[in-house]
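Listed below are the residues making up each chain.
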Amino acid sequence: MQKIYYVDALSGAGKTYAAIGYALNKARSYKKILFVQPSIRLIEQSLRNCEKQLSGLTTQIKLSAIHSENVHSGLVKSKVIEHLNESSDHGEVLFITHETFLQLPYFNRKKEWEVLIDEIPTVDLDLSLNLPDTHRLFTDHLEIFSDHPFWYRLRAGDKTELIKLSENRNRDEVNAVFRNIASKVISNHWDVHVKKDNWQKLLDGDQVKFGCFALLKPNILSGFNKITIMGAMFKKSLLYHLWSNQDVKFKPNQPIKQKVDSRMNAHENGNLLTIKYFLEADWSKHKRDRPGIVEGEEVVVLEFMKRKIIEGMKDQPFLWVANNDVKNHHFDQKNSERISNSPHGLNIYQHVNHVVFLSALNPTLPHSKFLEDVGITSDHIRDAGVHQITYQA
């Protein structure tokens, strides 16, 4: 059984700050800590917190960060591997992004490293593609394995060709379409699935869409000295539900948890929160873009919402979140700022009291059906997607 530690604490409770203190204490004792975070912006914030916690101390601790803003983007993985190979026996803290960690082909001396993963990694991917004419550039190199009534698991038939597709060294724009999905098929850490009837129809020329979904396996965290994953609503995450069924035992990281709880273990200012909403029905892009008649005028729902938000905010500063297809200038007021759909852990907006959340974060119907077929209920899907991200914002 694989053991993974976790910290499930309130958003804004200081999980990252507590984990940094934990990491620095470990490094003082000659331990190696890999600190994995979702964004470069968050890494830079954490480095500043490290310096703050170390200020006034005589102890010297090696702090390093490797990412695409301090290394050429094509060399990040190789620089991380080089760092691991050359690492001394002294304690240190190394910061890298989720993306880099998940793509590392090799990790030297795993057993010497304790890994702290800040924010819950994405464990499910929709890799579907429209490939009515060109799918054989990819599917000819695959084998199928049946271990589910409705879904095949894809395996590498010709691994050499799939590696070529995943690397795409000549930067071929057609082959580039297959890079992501090919890399997942050849990886030992992902299972890639396609619906059985979809696969056969695609090969027969009767299917346009190659409906394909991937799940991250817990073995990506095997072999390390210790693993801790931190995130609000952890036990409502897809990672928790999927990996709990794969012989993983989750245990609280008590040293970090106790430090977080000593600062905040309940939202005691709920009486100060006002939530205003437009619709009681489920939200979607279709509803967002649908025209309607308001006060005798035909107007698209999103545009109507924009007018009411601007009217309500007046000159007050506010943050806003929306799907990627909504233009950055949707709100062009000087008092507004757009933030990511995954605004993990950033503390630079604590002075802003208003957030507008417009994102429709529903998976596609085929994606939802796949998750349900592998044991995730529709309520779990909603909690792990819409509710978790809205709460973070």
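Just so it is clear, the model here is predicted, and its values are computed rather than measured. (Residues numbered from 1 in each chain as written. Predicted model: local features only at pLDDT ≥ 70, side-chain atom pairs only at ≥ 80, totals over all residues. Heavy atoms only, no water.)

(A) Region of the structure containing empty space enclosed by the protein. Applying the stated criterion across every chain, the model contains one cavity of 30 Å³ or more. In this structure, the largest cavity occupies an estimated 40 Å³ of space. In terms of lining residues, the largest cavity is bounded by Phe101, Leu102, Ile117, Pro121, Leu216, Ile220, Leu221, Ile229, Leu239 and Trp243. Mapped onto the lining of the largest cavity, the elements with two or more residues apiece are helix H4 (98-103) and helix H9 (238-244). Residue composition of the lining of the largest cavity, by class: 10 nonpolar, no polar and no charged. (1 Å grid on protein atoms, 1.4 Å probe; cavity = no way out; pocket = protein on both sides within 12 Å on 5 of 7 lines; lining within 4 Å. Points joined across faces, edges and corners; volume = space filled by probe spheres on them. Helix = DSSP H or I, 4+ residues; strand = E, 2+ residues; numbered from the N terminus. Nonpolar A, V, L, I, M, F, W, Y, C, P; charged D, E, K, R; others polar.)

(B) Inspection of the pattern of salt bridges at higher detail. For the coordinates displayed, the defined rule picks out 17 salt bridges. Of the charged contacts, one joins Arg169 and Glu167 as a salt bridge, the two residues approaching to 3.0 Å between their closest N and O atoms. The partner of Lys369 in a salt bridge is Asp373, with the nearest N and O atoms 2.8 Å apart. Remark: Asp373 and Lys369 occur in helix H13 (residues 365-373); sequence separation between them is four residues, near one turn of the helix. (Salt bridge = Lys/Arg side-chain N within 4 Å of Asp/Glu carboxyl O.)

(C) Looking closely at the environment of Phe107. With respect to the helices, strands and loops of the structure, Phe107 is situated in the loop between H4 and strand S5 (113-118). On the basis of relative accessibility, which here comes to 10%, the residue Phe107 falls in the buried class. For Phe107 and Leu84, which are 23 residues apart along the polypeptide, the C-alpha to C-alpha distance reads 7.1 Å. Dropping the residues within four chain positions of it, Phe107 is found in contact with Leu34, Leu84, Trp113 and Phe224. (Buried < 20%, exposed > 50% of the residue type's maximum accessible area, 1.4 Å probe, protein only. Contact = heavy atoms within 4.5 Å.)

(D) Spatial organisation of helix H3 (residues 76-86). Buried residues of H3: Val76, Val80, Ile81, His83 and Leu84, and no others. Seen end-on, H3 carries its buried residues on one side only, within an arc spanning 155°. (Arc of directions from axis to C-beta.)

(E) Just the layout of surface pockets, in detail. If you add up the space inside the second largest pocket, you get close to 290 Å³. Taken together, 15 residues line the second largest pocket, and the ones lying closest to its centre are Asp191, His193, Leu215, Gln246 and Val374. Counting only elements with at least two residues in the lining of the second largest pocket, the list comes to strand S9 (151-156), strand S10 (190-195), strand S12 (212-216) and H13. Taken together, the residues of the lining of the second largest pocket sort by class into six nonpolar, four polar and five charged.

(F) Broad picture of unusual backbone geometry. Although it is not a glycine, Arg171 sits at a positive phi angle of roughly 55°. Of note, Arg171 is situated in the loop between helix H6 (159-167) and helix H7 (179-186). If you check the backbone angles, Asp247 has positive phi at about 65° while not being a glycine. Along the polypeptide, Asp247 turns up in the loop between H9 and strand S14 (248-252). Note on Asp247: relative accessible area 48%, which makes it partly exposed.

(G) Layout of the nonpolar core. Membership of the largest hydrophobic core comes to 64 residues, with the highest contact counts inside it found for Phe138, Phe210, Ile229 and Trp243. Apart from residues lying up to four places away in sequence, Phe138 is in contact with Leu162, Leu165, Phe178, Ile181, Ala182, Val185 and Phe210. If you look at the next biggest cluster of nonpolar residues, it comprises 24 residues, including Ala9, Leu24, Ala65 and Ile256. (Core = buried A, V, L, I, M, F, W, Y, C linked by side-chain atoms within 4.5 Å.)

(H) Broad picture of the sheet that holds strand S17 (residues 318-321). Read from one edge to the other, the open sheet built from three strands follows the order S18-S17-S19, with strand pairing classed as parallel. What marks the edges here is a single partner per strand, and that holds for strand S18 (336-338) and strand S19 (355-357). Going across the sheet, the axis of each strand differs from the next one's by a mean of 25°, ignoring polarity. Sheet topology note: the S17/S18 ladder contains three bridges and is parallel. Looking at the pairing, Phe318 lines up with Ser336 of S18. (Pairing = 2+ DSSP bridges. Axes fitted to C-alpha atoms, helices over the stretch in contact; angles between N-to-C directions.)

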